[in-house]
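Structure assessment
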Amino acid sequence: MRTYILKRLFLIVPTLLGVAAVVFVIMRVIPGDVALLILGGDQAGHIDKAQLAAMHKQLGLDQPLINQFGAWLWGVARFDFGTSLWTGRPVIEELLGRLPLSLELAILATIVSVVLAIPMGMLAAARQDTWIDYVIRVVSIGGLAIPSFWVGILIILLLVIYFGWGPPLEFTSPFSNPWANFQQMVWPVVTVGYRYAAVTTRMTRSTVLEVMRDDYIRTAWAKGLRERTVLIRHALKNAMLPVITLVGTEFAFLIGGLVVTETVFTLNGVGRFVVDAVAHRDYPVVQALVFLIALGFVVVNLLIDLTYAWLDPRIRYR
Amino acid sequence: MSVQYPLERTAVAPLVPQLTWGDEVWSFIRKKPLGATGALIIAVMIFVALFAQVLAPYDPYAPDYASPFARPSASHWFGTDEFGRDVMSRVMFGARIALFVGFVASFVGCTVGALLGVISAYSGGKVDLFLERVMDILLAFPLLILALAIASILGPAVRFVVVAISVPIIPRAARVVRAAALAVKENQYVEAAGSLGASRRRVILQHILPNVAAPYIIMLTAQLGSAILTEAALSYLGLGTAEPTPSWGLMLSGSAASYAEKAPWIALFPGIAISLAVFGFNLFGDSLRDVLDPKLRKKA
């Protein structure tokens, strides 16, 4: 097990370096000069050449690319992502202010999805090709098909028309006022959770179906066990691995998925931060956020693989 | 090598009754009613997109300042938007953008990914290790964020949106096809072709590629729906197609949300169109997977 963990940790390094390089290159090919943007306006003619050169020097843009990359990596290693061009505050500070909201949304949506999806997926599998199965399948395919921003728009529309409710502008922490926080988070959680639950339901259904054809399940039936025991004690336990992987990967991807939901509900979270930064051409912020989201994904993936190896000893020997 | 083997010829006589194309379609409809429903939805969408010019009752770009925010009625089935443009005509023309972006982006992404996957699997060794790492790196970026970053570099134009959506598909397709190609590679006919002196190119194109067609097609249909969704999300966020192009995502952005209270139909119909299109592709793709995946077919 220890060799496996070390091997996996070692493999992370080239991936992260690659991610950093890709992010860096993407930000460099974007047309437009950051220094020009800071000094105001895209029209090069209006700006003093000396001033521009000074700004280049200040931003380190006069250095060779490889040095710039090195400097950025060194910053990343010390959790220093530079300052936002838009607000002038350190990126990490801006991020930490927005992280709790996105994290709460992601965690609540995960809980909702797991609680709904696993029983639904099992039910659909146990009653394959009956009307129950068809209803669950159609509802879950719907969850994949209906764009989350549209669900958000419709929910807001209904709330505004029937209850005169509008999305609040300030985020209330669950620790200071749980009720206000609940009112604020419930609809975004429903919006995100529906899609998430749909994906998980489909995965649960197909893995349970696959497992139900195994020999030990026939043995369990032959022993005369009740359906509930066969399903939960025998089938579910063995069907859980791919489902756990999916829940983990989806969680890691959720920050990306929150981009639209947070925009619809005007929640000031990490996803919204990405969109705003892209719109303002706030390069240090986009660079930092894309890298951190990718980093989060890599780390969650590593944790999933380690859980897998821990649960299923066969994987370690591959 | 033109020697005739009469014995073998008789042995190859069809044991399974040959199904005509029509029979196959009919049996698909009977066995997979959900899949057939999906196919029907897609067919209708494609029809509307192709003949939007003829079917649409109004010009999707033409403003009519006399009747903005008109309720759905006999003259405007889906109502009009803030400029008095006919929402139904815009939804119909929107099908063109959605289907075009969806088909092209998933075709490009899946094809490039499939080729890389096959090359990776067949070459093995350092090439495989290198390509796998590159795919790992691309996979680490969430789909939408990667598309967002690429779209912000290239700017809002349909062809750039296609690029932004197809790039994140590449590693996903490569991974699936590589796994399938690894299994195909172990077959004796691949070894035989190699020992008969077939070039690498010939082995890959003639022997491996045709045998990974099933996962490729499954991937293609699966990605179609999500490509349409990504296009809608990008346009919604203002990084996809630009006004006045009638794109479903764009129709939902900005104005639709702010006028929603007054004219909910502006936000309602484009959303239904997106959901229906993606729903159709997912239903069809699911059933196609059941039919094409030999592993599922045997067990069923």
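Provided above is the structure to which this section pertains.
The shown structure was predicted, so the numbers you read here are calculated from the model rather than taken from an experiment.

1. What to know about the overall build of chain A
For chain A, the count of helices and strands is 12 helices and 0 strands. Taken from the N to the C terminus, the helices and strands of chain A come in the order α-α-α-α-α-α-α-α-α-α-α-α. Looking at chain A as a whole, 36% of its 318 residues qualify as buried. Put simply, of all contacts in chain A between residues at least 6 apart along the chain, 72% involve residues at least 24 apart.

2. Examining the environment of G194 of chain B
Tracing the backbone shows G194 of chain B in helix α9 (residues 188-195). For the pair G194 of chain B and L276 of chain B, spaced 82 residues apart in sequence, the C-alpha separation works out to 47 Å.

3. Describing the interface of chain B and chain A
In this complex, chain B contributes 33 residues to the contact, which on the side of chain A involves 37 residues. Mapped by element, the contributors of at least two residues to the side of chain B that touches chain A are α6 (125-139), α7 (143-154), α11 (213-236) and α14 (264-292) of chain B. The greatest single-element share of the side of chain B that touches chain A, amounting to 9 residues, is contributed by α14 of chain B. Residues belonging to the side of chain B that touches chain A are distributed by class as follows: 24 nonpolar, 5 polar and 4 charged.

4. Section: helix α5 (residues 91-126) of chain A
Relative to the 52 Å expected for 36 residues at 1.5 Å per residue, α5 of chain A spans 50 Å between its end C-alpha atoms, a close match to the ideal helical length. Approximately 35 degrees is the largest bend angle found in α5 of chain A, and it occurs at R98 of chain A, with the proline P100 of chain A only one to four residues beyond.

5. Brief notes about unusual backbone geometry
All names here are of chain A. Unusually for a residue other than glycine, D129 sits at a positive phi of about 65 degrees. Note that D129 resides in the loop between α5 and α6 (131-145). Judged by the 9 C-beta atoms lying within 10 Å of it, D129 is exposed. For T266, which is not glycine, the phi dihedral falls at a positive 45 degrees. Relative to the assigned elements, T266 resides in the loop between α10 (227-264) and α11 (270-279).

Scoring rules and cut-offs
Residues numbered from 1 in each chain as written. Chains lettered and ligands numbered in written order. Predicted model: local features only at pLDDT ≥ 70, side-chain atom pairs only at ≥ 80, totals over all residues. Helix = DSSP H or I, 4+ residues; strand = E, 2+ residues; numbered from the N terminus. Buried ≥ 20, exposed ≤ 12 C-beta atoms within 10 Å, placed from the backbone. Contact = placed C-beta atoms within 7 Å. Nonpolar A, V, L, I, M, F, W, Y, C, P; charged D, E, K, R; others polar. Expected span 1.5 Å × (residues − 1). Bend = angle between axes of the 7 residues up to and from the residue.

Functional significance is not addressed by these values, which are geometric in nature.
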